[in-house]
Amino acid sequence: MINEKLPKMWYGGDYNPEQWDADVWKEDDRMFKLAGIDVATINVFAWALSQPDEETYDFGWLDETIDRLYSNGVYVCLATSTGAHPAWMARKYPDVLRVDYEGRKRKFGGRHNSCPNSPTYRKYATIMAGKLARRYKVHPAVLIWHVSNEYGGYCYCDNCAAAFRTWLQQHHGTLDAVNKAWNTRFWGHTFYDWEDIVVPNALSEEWSGSRTNFQGISLDYRRFQSDSLLECYKLERDELKRITPDIPVTTNLMGFYPELDYFKWAKEMDVVSWDNYPSLDTPFSYTAMTHALMRGLKGGQPFMLMEQTPSVQNWQPYNSAKRPGVMRLWSYQAVAHGADTVMFFQLRRSIGACEKYHGAVIEHVGHEHTRVFRECAELGKELQQLGDRILDARSDAKVAIIYDWENRWGIELSSGPTVALHYVDEVHKYYDALHQLHIQTDMISVEEDFRKYEVVIAPVMYMSKLGFAERVEAFVAQGGTFVTTFFSGIVNENDLVALGGYPGELRKVMGIWAEEIDALLPGQHNQIVMRGRQGRLEGTYDCGILCDVIHAEGAEVVAEYGSDYYQGMPSLTVNAFGQGKAWYVATSPEPKFLKDLMQTICNDHGIEPVLKAPQGVEVTRRIKEDKAFTFVLNHMSESKSVPLDGDTYVDLLTGEEHRDTCEVPARGVMILEKRRG
Amino acid sequence: MINEKLPKMWYGGDYNPEQWDADVWKEDDRMFKLAGIDVATINVFAWALSQPDEETYDFGWLDETIDRLYSNGVYVCLATSTGAHPAWMARKYPDVLRVDYEGRKRKFGGRHNSCPNSPTYRKYATIMAGKLARRYKVHPAVLIWHVSNEYGGYCYCDNCAAAFRTWLQQHHGTLDAVNKAWNTRFWGHTFYDWEDIVVPNALSEEWSGSRTNFQGISLDYRRFQSDSLLECYKLERDELKRITPDIPVTTNLMGFYPELDYFKWAKEMDVVSWDNYPSLDTPFSYTAMTHALMRGLKGGQPFMLMEQTPSVQNWQPYNSAKRPGVMRLWSYQAVAHGADTVMFFQLRRSIGACEKYHGAVIEHVGHEHTRVFRECAELGKELQQLGDRILDARSDAKVAIIYDWENRWGIELSSGPTVALHYVDEVHKYYDALHQLHIQTDMISVEEDFRKYEVVIAPVMYMSKLGFAERVEAFVAQGGTFVTTFFSGIVNENDLVALGGYPGELRKVMGIWAEEIDALLPGQHNQIVMRGRQGRLEGTYDCGILCDVIHAEGAEVVAEYGSDYYQGMPSLTVNAFGQGKAWYVATSPEPKFLKDLMQTICNDHGIEPVLKAPQGVEVTRRIKEDKAFTFVLNHMSESKSVPLDGDTYVDLLTGEEHRDTCEVPARGVMILEKRRG
Amino acid sequence: MINEKLPKMWYGGDYNPEQWDADVWKEDDRMFKLAGIDVATINVFAWALSQPDEETYDFGWLDETIDRLYSNGVYVCLATSTGAHPAWMARKYPDVLRVDYEGRKRKFGGRHNSCPNSPTYRKYATIMAGKLARRYKVHPAVLIWHVSNEYGGYCYCDNCAAAFRTWLQQHHGTLDAVNKAWNTRFWGHTFYDWEDIVVPNALSEEWSGSRTNFQGISLDYRRFQSDSLLECYKLERDELKRITPDIPVTTNLMGFYPELDYFKWAKEMDVVSWDNYPSLDTPFSYTAMTHALMRGLKGGQPFMLMEQTPSVQNWQPYNSAKRPGVMRLWSYQAVAHGADTVMFFQLRRSIGACEKYHGAVIEHVGHEHTRVFRECAELGKELQQLGDRILDARSDAKVAIIYDWENRWGIELSSGPTVALHYVDEVHKYYDALHQLHIQTDMISVEEDFRKYEVVIAPVMYMSKLGFAERVEAFVAQGGTFVTTFFSGIVNENDLVALGGYPGELRKVMGIWAEEIDALLPGQHNQIVMRGRQGRLEGTYDCGILCDVIHAEGAEVVAEYGSDYYQGMPSLTVNAFGQGKAWYVATSPEPKFLKDLMQTICNDHGIEPVLKAPQGVEVTRRIKEDKAFTFVLNHMSESKSVPLDGDTYVDLLTGEEHRDTCEVPARGVMILEKRRG
């Protein structure tokens, strides 16, 4: 992603001048310059300001803001302001208000508060997008459209119920098909009329948010609500594109946010952007995985880091300050994984309401003599020097992990086998093992072309959707290595069990049959006992949560269980299939096992680490044309030596050369490029 | 209970062919035969199928099913399908929908979802029962009626409010009597009009489910709702009996389920049946106690084990598989305590909705080559061989423990003295002590004839209802031993305190006065210090939760408290009363104390253990005419030696003879009958 | 407070004869005499009895009760009975019923259940007050009016919404001012019409009770609801005063109850009264602090101990009995801190409803031969002997701690920086340190005249209201010592941040700038490392929760942080300002630090302990004219020696003389007066 108006890493963030007076704006201008800020996200929550009543629109303040910023060298990421409706609209047209999970009609308040199927909301949001597009289509400051803000939340109102029935007709065709997909003969829930169907919430089929009597309706409701919000996005997007076809359009996503199927969303976005809010104790490999997922949403295309805090957050239970250097380190971590922007929430701290204790480039004290501002300004300078060199560089990973929102919904909605199973955590265990080994890894959609990779891992691939098993078979047959686990291949896309033995359609390629699934009580463990040494794997490993009781049907039994009634039965198998291999990990193992397994598989394929860095140092690579940029990120609070591969490297941030090893300071960053002969 | 159509332990369970196609039915037939299954519970949730709209009834599928099963040698336990109303009914007649504890009108969803005072529900449920009765009255396959399913849940709608007022008039007569019973002058709640009374829930007098401002209204509402559901049962039962007077009628109960007064229900049932779902870590003495309670509901009459899982459940947090042998062991545990059937939920696993991960005889894989199926088939064979030999055999216990739902409601609704007091747990402590001693013990109603027993124990008999104290006095006077505890005899049936000193009407027979009740903080303890040796009791024991500060008024002080301001005051007393004794346990003791106390009392009465089995082995006895069947159940995962009493015994399951000792394998079962000279 | 009708410590409590029959009343009369009871609080919950319907009033029972009591020597504290509306009123006029935080209209039930803005409630409550006043204005038994009971709880109904808008107009003037005060441009919440404003609850801006999107509206709603209930009080108070101007008026408060701004309430009360319900494990310094707060509500005026239990409570999770002597000890603790009455809830235990397990002077057993009654009777005798000697004596504290309800609301509503910050606990840490040092300490309003004191401490003075900083400056300039802490001076009364650097307006007097606020994760700590010895302070202390990262701007750096990125930066500073000093404690320290700091500051001012008593012994002083009463309270279960100051003292309770040291028995109490010449 290289934007000709501003062909460098955009640097800036959310900016709300409407909360301040003109004398403050002057200070903003001065300090933005000091900080090297060149992009401001504006108009995110100004709907009520620009449209004070149904008839009136007033964009004077916005004209002024954009002109002022531009004349000061700051471009704009222009939001459409539809992330929160005005109070007058809620009073005049209550259909914009949501009904919540408990079945309660909400009143005006909060944000991300509009019913996605409200005719009023859709109408006025689209009009607003059109007015903005027409007004600023020729303004040179506008880099990109930022539609609404952090879409999320579900609604359960009567408008949604009606739209849900229509959605069901479109997706299932007949009521018979719905009854079949949801297995409504269970508990005698057969529907004889579309109108019999009510939305699944705490008043009908669900409780506690993710417990349900009927997985089918709950799964479809998640799809429907994700689609409904996406439809809102598309209405604005289409209007913007119609008028300003050349200005890219995005909306800011939220990593592993559970409610929306971002792979589906990303197809409608020109560029993915997202808001990165780890807490001080989030593992840095978890953040890395999330960046990789955001990169994977559009098949590896670079993304925007739309928001991060320069210092503290306000909404965590304990809002620790980012230690010195951490803001810079985490900014480059984003870049290392594919970000082409570094942006903050926010540029100036608000003085009132719930985000006033969220960090900003300009703090409440108002001047530049703060640690936070100094760190921001230093980073701004670096990014200016970096120019466009890294922009649009891509990952060259040979290993991919599949993540799928529908699969997640299926697991989370499942009644049984255990509450201890958390899909994202299981995915992270695999990512973390690879991350510790410094193996480049992509996070991909279940629809991605597996042939881009040599190794594809699908942890807890509970839901095996149409065609998935065939594509896995083709991938393995052609020499790929596929890894999946316990509780995989169990259901189809309607959460109906694949009869004939688990893991259903994957049974053939895996060469095993899972007869039983045993859930372990908290504190209970079993063991993975290797039948012999296999690559890096040897001895005995701990495991727990779930144990599939499996039989090899052609697969080699690599390890067996160490105890309980399935002692001696397979806990790890590998099946030779065509030219490739399919591994089945029948239980949830301790981290060391996964590290050894991943190492073994990578060795098989000759997949090398980016660098053989010590623990606590993260390394990634981005490729652009014939150039490779190696990012070295030291997450530790002491300096670390990182062995290089014999070549001489130049650090783009300092211009210094490194050979043999490089010494990375505490929380330091290097971007190494091989010196040309 | 011997049914002439099928005079053996019925073996089978819930079966939902309406969820499957005809080709699957053929497999069912084949596999039922393999498994020795001879009874299927059908039509549990098929209301919507048999009555697709208000006017139409279609029992073709049911005719076909019953005929098919019968021609394959399988009888039916025929449910009336009223455990969940059809979706069309909810839409057309919203009065069938409940209002929940939070005051929210529910929408269609779930099961056990009908308002018990809904005119629509009552009307159509009764019609359905009548139609079924008329249609199948002469079908030889029908063994028993299974009305609705697992009745439960309360409703708080306006229909219930009106019915509650009528119920109150019937039970209290006048509004004055209600005001008195509820002590409404407290907080000025006096009612001057029946219409002033609203249902007690989170919008009025209650919160958190069991917290209430007025125990009186909350207690009556529990009685009323239990009666309302019972009325629904009776409407169907009466209709069935009118048409098929010779077919027995049951509904499946749920052990210690808190919401319904099963002693009252059992009076309306021909045979008690219940669903047994312990988790892997439920103490087996707790399951034993529950079986004993179900046996006690109808004064010792054998009961049906209506449901159990052959393998896993789906709704527990951690759904462990029943280990090999455990399904058989727990099946015989039910029989050992009075079950005359062994039945499962379910015969074939569903493919969709929330119970698809609940175990079944036929698993998703669909064939017989599974551990679970093999175990089921082996048990089926055994039960066939067993024939009718044990059917209708009875307990010969001389010890009984009183359990009472109204007493439980009173304790659970009480504001003070401590949240640490759990009635069922206190009851279980006594049962467990006797169970460890292998003393046959019945669980009885407060209305049972105490003279059947030599020892009657009433843990935490908080509510002393009309006539209870007199009956205790008569029992003790005639030589019985009565045991009760702290926080007993406090209130009458309206939860009004008996003035004049605790334990109220029991004060005379116990020979003590409880001046204060002290609640101990978590982690705080006191001691029961024996004043001398008394039978097996000696030394010092730990105690906690509540300590009654009592004075002996004629009773002998057997032990005193070891600390705090009531150190030296009585903690255990025994009162000679007529020819018997009355023990007062003033606090909640450690298990060893109860074992020693129970041993002491049983020795007094010459009550012997069934066998002197080691820990982990359960023994019970069932008597039939002149035969005694001794059940030996090894709950441990290693084999155990059990000393016999010198006679020679034959194991009904193997035909083998045992003398002196028998060696019971891990999770093994023996049913021993003394060899006839 | 000396009442000429009964010039002694009133002794008695809540009494509900309407729950009993005439034969019980006779026993009451007899036993009150035995117990020395001379005051009964009556008519608290008898609205429904006195007004059985809209038209009818019947005070016959009350006439009889008052006459009976008075003829038996018992005066009355006469309640207005408006703490719970009658059931008929709720049915006829649903506007008296509240809408709860979840937006649900409540039904009849509970108490303290009336909407404070209900026209019906206000009308009939006022009428009732007037009728009572006219009827009993000349009755010699009436000592004081007790309006309603334990006011509390918020309502969210439409009447409240309308009243809220009016309140906002009165307090902010214009809608523009509201928008500004609430910073509504944040998230585009600008209001263009008063009607756009809805009440903040779980359906609009809030969740979980104290989480909010907009602190401004939530803060104002707390003020508004506190004012609304106060308005109800005032309507009754005005009516009473109009008719009986000479009878004092009170309502019973609840210590640190969070929902009402008692400083504002106290202005409208003739005398403060409150209900003291510590649990067995409440630190006695916490109870002491609460008494001090109640004394501080009216600037040091003695208060009434309106309620305490003689033995157990019923609503705590674990309701331990007060150990022997504890009721007497805690009664005198109240007196020691300014109480001029000792009163119980209640005189006779009810037999039904939720408070029947709450202790009373007369227990369910009904006679006087109980430990509890004996202790009550002994105390009654002592109080008779004590006469009026202590009445109206005052504290002579030189140290004061500021507590402020609006500040508390601000902190509790804050989104960030940490959920670990609990305002009252932080206040208690300071109070406890002084209490352990036996330094007399007052709890004062933020509006109190600081010049009464030498040392003023304002823990976590988050909200710096108009004029506060100036008054602190004046106080310090004139030689006072002021102490404040981290997270102080941050916002104004609208929760808008003071720009220009924390601690805002306090920055000048403190001589520091707080650049950052770091929240520590649970288990994380830092250290306060003294730069040298300062008074009692030396070495290193532990600290946590929040660490302000501060810069000295004139203040002396007394201690620095021991670790993390702000190691070496100030953690404790003291600023010389005029003739006084201002200490800034930048983090939440361990108790030992605060003890050393308080000792150091008191030494500076020559403030001496009341007595140098050992740990576990509490000492306080009350001054009356030229007399000083020293209270010595031994909270331990063993006797303690307390060194005196060389003079000879007489114990008012025994008449015994003490010199040099006095030996206070376990849970013993002495009231020492210096022997004259």
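Keep in mind that what you see is a predicted model, and the values were worked out from it rather than measured.

Thoughts on the relation of the copies chain B and chain A
Superposition of chain B onto chain A requires a rotation of 120° combined with a translation of 0.0 Å along the rotation axis, giving an RMSD of 0.0 Å. Taken together, the rotation angle and the small translation identify this as a three-fold axis. Relative to the rotation axis, the closest C-alpha in chain B is found at Arg104(B), a distance of 5.4 Å.

With respect to unusual backbone geometry
As a rule of thumb, non-glycine residues mostly have phi less than zero, and peptide bonds are mostly trans rather than cis. Cis peptide bonds are those with omega within 30 degrees of zero, and the linkage from Phe345(A) to Gln346(A) qualifies with 5°. By the secondary structure assignment, Gln346(A) is in the loop between strand E11 (339-344) and helix H12 (371-386). For the bond from Tyr502(B) to Pro503(B), the omega torsion is -5°, close enough to zero to count as cis. Topologically, Pro503(B) is positioned in the loop between strand E15 (481-485) and helix H16 (507-510). Phi angles above zero are rare outside glycine, and His438(A) is one such case at about 60°.

Here we look at the packing of helix H5 (residues 119-136) of chain B against helix H8 (residues 215-243) of chain B
A pair of packed helices can be characterised by two numbers: the angle between their axes and the separation between those axes. All names here are of chain B. H8 packs onto H5 with a crossing angle of 30° between their chain directions and a minimal axis gap of 8 Å. By the angle between their directions, the pair H5 and H8 is classed as roughly parallel. In the crossing of H5 with H8, the sense of the turn from one axis to the other is right-handed. Contacts from Tyr121, Arg122, Ala125, Thr126, Ala129, Gly130, Ala133 and Arg134 of H5 reach H8 at Ser228, Glu231, Cys232, Leu235, Glu236, Glu239, Leu240, Arg242 and Ile243.

Describing the interface of chain A and chain C
Each partner contributes residues to the interface: chain A has 48 residues there, and chain C has 55 residues. For the pair chain A and chain C, the two sides together bury roughly 4,500 Å², of which 55% comes from carbon and sulfur. By the criterion of area lost to chain C, the three top residues of chain A are Phe108(A), Tyr318(A) and Tyr357(A), representing 15% of everything that side buries. If you look at where chain A meets chain C, you find seven salt bridges. The partner of Arg371(A) in a salt bridge is Glu516(C), and the shortest N-O contact between them spans 2.7 Å. Across the chain A-chain C interface, the total number found is 34 residue pairs in polar contact (both at pLDDT 80 or more). Mapped onto the side of chain A that touches chain C, the elements with two or more residues apiece are helix H2 (47-50), helix H4 (87-92) and H12 of chain A. Ranked by residue count, the leading element in the side of chain A that touches chain C is H4(A), at three residues. Of the residues belonging to the side of chain A that touches chain C, the class tally is 22 nonpolar, 13 polar and 13 charged.

Quick look at the environment of Thr654(A)
Residues and elements named next belong to chain A. Turning to its location among the elements, threonine 654 is positioned in the loop between strand E25 (640-651) and strand E26 (657-664). Taking relative accessible area as the criterion, threonine 654 reaches 49% and is therefore assigned partly exposed. Each C-alpha atom, one on threonine 654 and one on alanine 360, is 27 Å from the other, the two residues being 294 residues apart in sequence. A polar side-chain atom of threonine 654 sits 3.1 Å from the main-chain amide nitrogen of glutamate 656.

Digging into helix H1 (residues 22-35) of chain A
Residues and elements named next belong to chain A. The end-to-end C-alpha distance of H1 is 20 Å, a good match for the 20 Å that 14 residues give at a rise of 1.5 Å each. Those residues of H1 that sit buried are Val24, Trp25, Asp28, Asp29, Met31, Phe32 and Ala35. Here the buried face of H1 lies against strand E1 (10-14), helix H3 (60-71) and H12. The first or second residue beyond H1 is glycine 36, which carries a positive phi of 75°.

Brief notes about the packing of aromatic side chains
Each aromatic ring pair is characterised by the separation of its centres together with the angle its planes make. Tallied over the full model, the rule gives 115 aromatic pairs over all chains. Centroid distance Tyr57(B) to Phe59(B): 6.2 Å. Interplanar angle 20°. Geometry classified as stacked. Since its relative accessible area comes to 5%, Phe59(B) is described here as buried. Ring centres of Trp182(B) and Phe191(B) lie 6.1 Å apart, and the angle between their planes is 85°; on these two criteria the pair is classed as edge-to-face. For the pair Trp182(B) and Phe191(B), one class covers both residues: buried. Sitting over the ring of Trp20(A), Arg348(A) keeps its end group 5.3 Å from the ring centre.

Parameters and conventions
Residues numbered from 1 in each chain as written. Chains lettered and ligands numbered in written order. Predicted model: local features only at pLDDT ≥ 70, side-chain atom pairs only at ≥ 80, totals over all residues. Heavy atoms only, no water. Least-squares fit on C-alpha atoms with pLDDT ≥ 70 in both. Helix = DSSP H or I, 4+ residues; strand = E, 2+ residues; numbered from the N terminus. Axes fitted to C-alpha atoms, helices over the stretch in contact; angles between N-to-C directions. Parallel < 35°, antiparallel > 145°, perpendicular 65-115°, else oblique. Left-handed = near helix turned anticlockwise from the far one by under 90°. Contact = heavy atoms within 4.5 Å. Buried area = accessible area lost by both parts, 1.4 Å probe. Salt bridge = Lys/Arg side-chain N within 4 Å of Asp/Glu carboxyl O. Polar contact = N/O pair within 3.5 Å; in protein donor to acceptor, adjacent residues only side chain to side chain. Nonpolar A, V, L, I, M, F, W, Y, C, P; charged D, E, K, R; others polar. Buried < 20%, exposed > 50% of the residue type's maximum accessible area, 1.4 Å probe, protein only. Expected span 1.5 Å × (residues − 1). Phe/Tyr/Trp six-rings, centres within 6.5 Å; stacked < 30°, edge-to-face > 60°. Lys NZ or Arg CZ within 6 Å of the ring centre and 35° of its normal.

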